[in-house]
Amino acid sequence: EAGVTQFPSHSVIEKGQTVTLRCDPISGHDNLYWYRRVMGKEIKFLLHFVKESKQDESGMPNNRFLAERTGGTYSTLKVQPAELEDSGVYFCASSQWTGQANTEAFFGQGTRLTVV
Amino acid sequence: ELKVEQNPLFLSMQEGKNYTIYCNYSTTSDRLYWYRQDPGKSLESLFVLLSNGAVKQEGRLMASLDTKARLSTLHITAAVHDLSATYFCAVVETSGSRLTFGEGTQLTVNP
């Protein structure tokens, strides 16, 4: 079974440009999370989808970030326009609702974003 | 707001030695995870700890949880080079689902 996959693995863009990150969760996982690790700091929560709905987007840093999950399958995270402080590693994770609790979340390998 | 603190943040140790990584958290929690990350790879779940006094062991790693003290430890026994990686603890708040991470401990095991 395929795990959580993220694309691209690396992206280098100039300040002011737009970048779109993609996450394909494990098939059947309703929960999809985005996290970010900036400059060796802790990994911070960005947002949580349940199927196609945003359950919690309290971690989104500002309105330059837009996340979507059309159809409740894969998700995209767009940064527009990118700023230098957006550089970091963006992780995606997915988990399943069993009817009683959420299972453990499985992580993708991350996308390393560098804004120059 | 839930806060998670790990220490040390950097740990350089010799093969064969023992050491402990500490993880403190600030509010009540449903679950605590330990993850390992190798450079450029995904976070690999090592342990999930659910209740006070829980202890889990896998190979040279042992994790424990004290919910009263809001403290978890990851103990490394007789370290080997293959254990070199970054280790994160992460906590799920009671009735929540998102993870709050510590800053990570970058472990280097020297021959």
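Fair warning: this is a prediction, and the values are worked out from it, not measured in the lab.

Chemist: Would you take a moment to explain the interface of chain A and chain B for this structure?
Modeler: Size of an interface: often given as the accessible area lost when the parts come together. Taken together, the contacts link 18 residues of chain A with 16 residues of chain B. Regarding the contact of chain A and chain B, the summed buried area is about 1,500 Å², with carbon and sulfur atoms giving 54% of it. Taken together, the connections running from chain A to chain B amount to 1 salt bridge. Linking chain A with chain B are 6 residue pairs in polar contact (both at pLDDT 80 or more).

Chemist: What am I meant to see in unusual backbone geometry here?
Modeler: Leaving glycine out, the prevailing phi sign among residues is negative, and the prevailing peptide bond configuration is trans. Cis peptide bonds are those with omega within 30 degrees of zero, and the linkage from F7(A) to P8(A) qualifies with -5°. That bond from Q80(A) to P81(A) is cis: its omega, -10°, falls within 30 degrees of zero. Following the sequence through the fold, P81(A) ends up in the loop between β8 (75-79) and β9 (88-95). Positive phi is not limited to glycine here, since A78(B) has a value of about 50°. When you line up the elements, A78(B) lands in the loop between β8 (71-76) and β9 (85-93). Relative accessible area serves as the criterion here: at 25%, A78(B) is assigned to the partly exposed category.

Chemist: Got a minute to help me understand the sheet that holds strand β6 (residues 55-58) of chain B in this structure?
Modeler: Backbone-to-backbone hydrogen bonds pair the strands of a sheet. The strands run either parallel or antiparallel. Residues and elements named next belong to chain B. With antiparallel pairing, the 5 strands of this open sheet are ordered in space as β1-β3-β8-β7-β6. The sheet terminates laterally at β1 (4-7) and β6, the two strands that pair on one side only. Adjacent strand axes in the sheet meet at a mean angle of 15° when their direction is disregarded. Relative to β8, strand β3 (residues 19-25) runs antiparallel, the two sharing 6 bridges. Paired with N24 across the bridge in β8 is L71.

About the cut-offs
- Residues numbered from 1 in each chain as written.
- Chains lettered and ligands numbered in written order.
- Predicted model: local features only at pLDDT ≥ 70, side-chain atom pairs only at ≥ 80, totals over all residues.
- Heavy atoms only, no water.
- Contact = heavy atoms within 4.5 Å.
- Buried area = accessible area lost by both parts, 1.4 Å probe.
- Salt bridge = Lys/Arg side-chain N within 4 Å of Asp/Glu carboxyl O.
- Polar contact = N/O pair within 3.5 Å; in protein donor to acceptor, adjacent residues only side chain to side chain.
- Helix = DSSP H or I, 4+ residues; strand = E, 2+ residues; numbered from the N terminus.
- Buried < 20%, exposed > 50% of the residue type's maximum accessible area, 1.4 Å probe, protein only.
- Pairing = 2+ DSSP bridges.
- Axes fitted to C-alpha atoms, helices over the stretch in contact; angles between N-to-C directions.

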